[in-house]
Amino acid sequence: MCGICGQFSFQRREPVERETIVRMARSIAHRGPDDEGFFIAGPVGLGFRRLSIIDLASGHQPMSDAEETVWLIFNGEIYNYRELRRELQSKGHRFKTNSDTEVIVHGYKEWGTQVFDRLNGMFGLAIWDVPNQRLVVARDAMGIKLVYYKIDNGTLTFGSEIRSILTAMDSKPAVDPVALKLFLQFRYTPSPLTIFQGIRKLAPGTMLVVEKGRCREERWYNFTPTPFPRPKKEKEAAHELLELYRGAVGRHLLSDVPVGVLLSGGLDSGLLLGLMNEHGRSWPAYTIGYGRSFADDELFDAAETASLFGARHVTVKLDQSEFERSLPGIVDCLEEPIAASSIVPMYFVCQRARQDVKVALIGQGPDELFGGYKRHLGVRYGELWRGLPGGLRSMIGFAVDGLPRNETLKRGVHSLGVEDRLKRYQDVFSLVPTETVDELFRDDVLPRNQNGHDLLEYWSELAPQMKYSDELGGFQLLEIRSSLPDELLMYADKLSMTHSLEVRVPYLDRTVVEYVQRLSANFKVRNGTRKWLHRQVCQNYLPRQILRRKKRGFAVNVVDEWFQSSLSGELQDLLLDETSLMFDMLEPEPVRKLLSAHRSGRQDNHKLLFSLVMIEQWLRGVRPWRVTSANSSKVL
């Protein structure tokens, strides 16, 4: 687990400056405090920071083959590297280390870029192919690890974090107004955009291939879920899923350093701890809590789960004053604004875990795979709504629009009636209607050709992979390829690696994801019960009282409550102060109206208001950067 960075002057072939690569690598030293390494050869330079997890003595990077024809820098873990190593040895490859890194080197020599489709793991990597003078930069299939890049004047600059690219730049980048609009609509910035103009991030399962003076982006992961030829029986599917879970957890526990688990009070991390117990006992388990005054506090529930499995339970307590005090620093760690309440508890639980362990498993994934959110109920049964007569739908919609503080229901009624599949999915994901976001912007900030469907352009190349998926399956495919990696996995990576902690996600093992994607919606949401098949597996490990617990997820409802109460204090001032930096791009009056409607009780706008606060906090952290108008050359 590491941080990578590099440059390639692929058009001018000018020598890369070693000092630049060193600065880039040291800007992400928190990702790899144990070691650093560099490879500089004319127009290409690679930098590396290492957090030693496997093969502590001989896993130094950049790593090459014996002939030094292939050089690799690699951030991540490959869980099937032993099987691949044996296969490569049978083909005559000789290894000098026991690391998963070297497997990728020899795998590339044997299979070229097709090696990526053989890797079961998480990675952001770069390969320098010396004979072909080719640089390949790639991101893993599930997008667990990140790769950012910038192409300018014939030079590619890339890194695990944006800060390494900024370190190499001569001038400050501006805010991308289209990316800002998408952030306000969805709470995150979807690949390939970032909040910075000109800096992009690789989408999950894609790669850059740079050769012969050109750079092209390709999708290497093209798995298209197809239904099983013979429909699965319930017990058969539950048994097969359990075995896939067992295999995934066993692989993810592979480590030469201490391992723990981030434990909430819910099903997913509880089952994860139960599966970990098949490989040992007394795992350290870390939980964040807020005190008994909050009904949503998870410490008691998590303590009960930890006791059930004999884990060493470690608790972290957070209060509102610490939440407000720490928010600006956490926004800085993220580099891009993310309007998720759980970023603050995630930061502190990772900070505490790193005092004891270098690796922590988390229970991310089943909600997206099996339909654990309320939006999945709407998608699952949306066809029934669309089947109602138009007049009846209009009457119900009119009645719902009149309800106070039911914005989620209002959006659902509207979005699930949209006939176009991708547009319907986009509207389900949206926090607010496109028109509401557009009205926030000043004239001349957004491009004139805005049509409100920006995300559809980036989803379009995924449409062929949805060919055989039912309504819920198609929605979840986009969720797994877009919102999960670009929001939840993004901040999990940034906030854990800020503390030099490697976080692993066993439920997103490729064997699990690709199996579940082939199941019909009835295995995921059945008779209104979400995560149905996952719950069947949980029954093998968890008692009834845990199975019946309501979903909390690091008790983010508490943080939501803190934020809402803060809207009458310091955070409110950010939204009302016309000198706030956001108002270089946004109109103050629509923002004031959103806040007024929220405080009066007419609307529940706390998610959009939280997004606006996050934008302001982020802008203040990067104050030197300004916003360029999308329709002119002037700087606002």
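In what follows, the structure referred to is the one given above.
Attention here is on the structure that accompanies the text. Just so we're clear, the structure is a prediction, and the values are computed from it rather than from any experiment.

**Thoughts on the overall build of the protein chain**
Along the backbone of the protein chain there are 25 helices and 19 strands. Every one of the 636 residues in the protein chain was classed for burial, and the buried ones make up 62%. Considering only contacts in the protein chain between residues 6 or more positions apart, those separated by 24 or more positions represent 74%. Accessible surface for the protein chain amounts to roughly 24,400 Å². Of this, 47% is attributable to carbon and sulfur atoms.

**What to know about the packing of aromatic side chains**
Going through the model one piece at a time under the given rule, you end up with 16 aromatic pairs. Ring plane angle 55° and centroid distance 5.9 Å describe the contact between Phe116 and Trp220, whose orientation is recorded as tilted. In this pair, Phe116 is assigned in the loop between helix H3 (100–111) and strand S6 (121–129) and Trp220 in the loop between strand S12 (214–219) and helix H6 (234–252), connecting sequence segments 104 residues apart. By relative accessible area, which is 0% here, Phe116 ends up buried. Three or more aromatic residues link up through ring pairs in this structure, and these residues are Phe116, Phe123, Trp220, Tyr221 and Phe223. Geometry around Trp111 places Arg118 over its ring, the cationic atom sitting 3.8 Å from the centre. Against the face of Phe523 rests Arg526, its NZ or CZ located 5.9 Å from the ring centre.

**Details of the sheet that holds strand S8 (residues 148–152)**
With antiparallel pairing, six strands are arranged side by side in an open sheet as S2-S3-S1-S9-S8-S10. Looking at which strands have only one partner, the edges of the open sheet turn out to be strand S2 (35–41) and strand S10 (200–201). As paired elements, S2 and strand S3 (residues 44–50) share seven bridges and run antiparallel to each other. Counterpart to Gly37 in the pairing with S3 is Phe48. Here helix H1 (residues 18–26) sits on the sheet in contact with strand S1 (2–9), S2, S3 and strand S9 (155–159), set at roughly 155° to S1.

**Points about the pattern of salt bridges**
Applying the stated criterion across every chain, the model contains 44 salt bridges. Glu589 is the partner of Arg592 in a salt bridge, and the nearest nitrogen-oxygen pair spans 2.7 Å. In this pair, Arg592 and Glu589 are both assigned in helix H24 (residues 588–600), three residues apart and thus about one turn of the helix distant. In this structure, a network of salt bridges that share partners links the residues Arg31, Lys145, Glu161, Arg163, Glu335, Asp493 and Lys494.

**Comments concerning helix H25 (residues 606–621)**
Taking 1.5 Å as the rise per residue, H25 with 16 residues should run 22 Å; its terminal C-alpha atoms sit 22 Å apart, in good agreement. Among the 16 residues in H25, 13 count as buried, and that is most of the element.

**Things to note about helix H12 (residues 374–386)**
Taking 1.5 Å per residue, 13 residues should reach 18 Å; H12 reaches 18 Å between its end C-alpha atoms and fits that length. Three or more residues of H12 are buried, namely His376, Val379, Gly382, Trp385 and Arg386.

**Comments concerning the pairing of strand S11 (residues 206–211)**
Among the six residues in S11, six count as buried, and that is most of the element. Of the two faces of S11, the one carrying Thr206, Leu208 and Val210 and the one carrying Met207, Val209 and Glu211 are both buried. Here four bridges tie strand S7 (residues 134–139) to S11, and the two strands are oriented antiparallel to one another. Looking across to S11, one finds that Val137 is bridged to Leu208. Hairpin connection of S11 to S12: two residues between the antiparallel strands, including Lys212 at a positive phi of 55°.

**Let's talk about the packing of helix H9 (residues 320–334) against helix H10 (residues 343–353)**
One way to put it is that H9 packs onto H10 with a least axis distance of 9 Å and a crossing angle of 85°. It follows that H9 is roughly perpendicular to H10 by the angle criterion. Counting all contacts with H9, which are made through Glu322, Phe323, Ser326, Leu327, Ile330, Cys333 and Leu334, the residues of H10 involved are Ile343, Val344, Tyr347 and Phe348. A per-class count over the contact of H9 with H10 returns nine nonpolar, one polar and one charged.

**Here's the deal with the side chain of Ser269**
Relative to the helices and strands, Ser269 resides in helix H7 (residues 267–276). Polar contacts involving the side chain of Ser269 include one to the main-chain amide nitrogen of Ser264, which spans 3.0 Å. Those residues within four positions of Ser269 in sequence are excluded, and the remaining contacts are Leu262, Leu263 and Ser264.

**Some thoughts on the side chain of Thr287**
With respect to the element layout, Thr287 can be found in strand S14 (residues 284–289). In terms of polar contacts, Thr287 uses its side chain to reach the side chain of His313, at 2.8 Å. Look past the residues within four positions of Thr287 in its chain and what remains in contact with it is Leu263, Glu298, Leu299, Ala302, His313, Val314, Thr315, Val316 and Val349.

**Considerations on the nonpolar core**
Within the largest apolar cluster, 178 residues are counted, with the highest numbers of intra-cluster contacts made by Phe116, Leu184 and Ile343. When neighbours within four sequence positions are excluded, Ile343 is seen to be in contact with Leu327, Ile330, Leu334, Ile338, Tyr491, Leu495 and Met614. Within the second largest apolar cluster, 21 residues are counted, among which are Cys2, Phe10, Trp71 and Trp128.

**A few points about the sheet that holds S7**
Within a beta sheet, neighbouring strands are joined by backbone hydrogen bonds and run either parallel or antiparallel to one another. Spatially, the six strands line up as an open sheet ordered S4-S5-S6-S7-S11-S12, and their pairing is antiparallel. Of all strands in the sheet, those with a lone pairing partner are strand S4 (63–64) and S12, marking the two edges. Packed onto the sheet, H3 meets S4, strand S5 (70–78), S6 and S7 and runs at close to 130° relative to S5.

**Here's the deal with a nonpolar patch on the surface**
Judged by side-chain polarity, Leu392, Met395 and Ile396 come together as a nonpolar surface patch covering roughly 270 Å² of accessible area. Inspection of the secondary structure assignment puts Ile396 in helix H13 (residues 390–401). You can call Ile396 partly exposed: its relative accessible area is 32%.

**Details of the environment of Pro227**
Summarising the element assignment, Pro227 is placed in the loop between S12 and H6. For the pair Pro227 and Ser520, spaced 293 residues apart in sequence, the C-alpha separation works out to 7.3 Å. Not counting the four nearest positions on each side in its chain, Pro227 is found in contact with Tyr468 and Arg518.

**Concerning the environment of Thr436**
Here Thr436 is to be found in helix H16 (residues 434–438). Separated by 158 residues in sequence, Thr436 and Leu594 have C-alpha atoms that sit 9.8 Å apart.

Cut-offs and rules
Along each chain, the written sequence defines residue order, and numbers are assigned to residues from 1. Residues qualify for local features only when their pLDDT is at least 70, as the model is predicted, and side-chain atom pairs are given and counted only at 80 or more; totals for whole chains, interfaces and linings, by contrast, use all residues. Side-chain metrics in this entry use all non-hydrogen atoms of the structure; hydrogen atoms and water are not considered. Here a helix means four or more residues in a row that DSSP labels H or I, a strand means two or more in a row labelled E, and each is numbered from the N terminus. Exposure categories follow from relative accessible area, calculated using a 1.4 Å probe and restricted to protein chains: below 20% of the type maximum is buried, above 50% is exposed, and the middle band is partly exposed. Between two residues, a contact is recorded if the distance between any of their heavy atoms is within 4.5 Å. Areas reported here follow the Shrake-Rupley algorithm with a probe of radius 1.4 Å; residue values treat only the protein chains shown as occluding. In this scheme Phe, Tyr and Trp rings, the latter by its six-membered ring, pair at centre separations within 6.5 Å, and the angle between planes marks the pair as stacked below 30 degrees, edge-to-face above 60, and tilted otherwise. Consider the ring centre and the ring normal. A charge sits over the ring if Lys NZ or Arg CZ is within 6 Å of that centre and within 35 degrees of that normal. Here, a strand pair is defined by DSSP locating no fewer than two bridges between the strands. Orientation is described by axes fitted as lines to C-alpha atoms, over the contacting stretch for helices, and by angles from 0 to 180 degrees between their N-to-C directions. Salt bridges are defined as contacts in which a side-chain nitrogen from Lys or Arg sits within 4 Å of a carboxyl oxygen from Asp or Glu. What a helix should span is 1.5 Å times the count of its residues minus one. Oblique is the label for any angle not covered by the other classes, which are roughly parallel (under 35 degrees), roughly antiparallel (over 145) and roughly perpendicular (65 to 115). Amino acid classes used here: Ala, Val, Leu, Ile, Met, Phe, Trp, Tyr, Cys and Pro are nonpolar; Asp, Glu, Lys and Arg are charged; the rest, including Gly, are polar. Pairs of N or O atoms within 3.5 Å make up the polar contacts considered here, provided that, within protein, one atom can donate a hydrogen while the other can accept it, and that residues adjacent in sequence are counted only when both atoms are side-chain atoms. Nonpolar cores were defined as sets of buried Ala, Val, Leu, Ile, Met, Phe, Trp, Tyr and Cys residues, with membership established by side-chain atoms within 4.5 Å. Put simply, a patch holds well-exposed residues, over 30% relative accessible area, that have no salt bridge, with like charges counted together within 9 Å and Val, Leu, Ile, Met, Phe, Trp or Tyr side chains within 5 Å.

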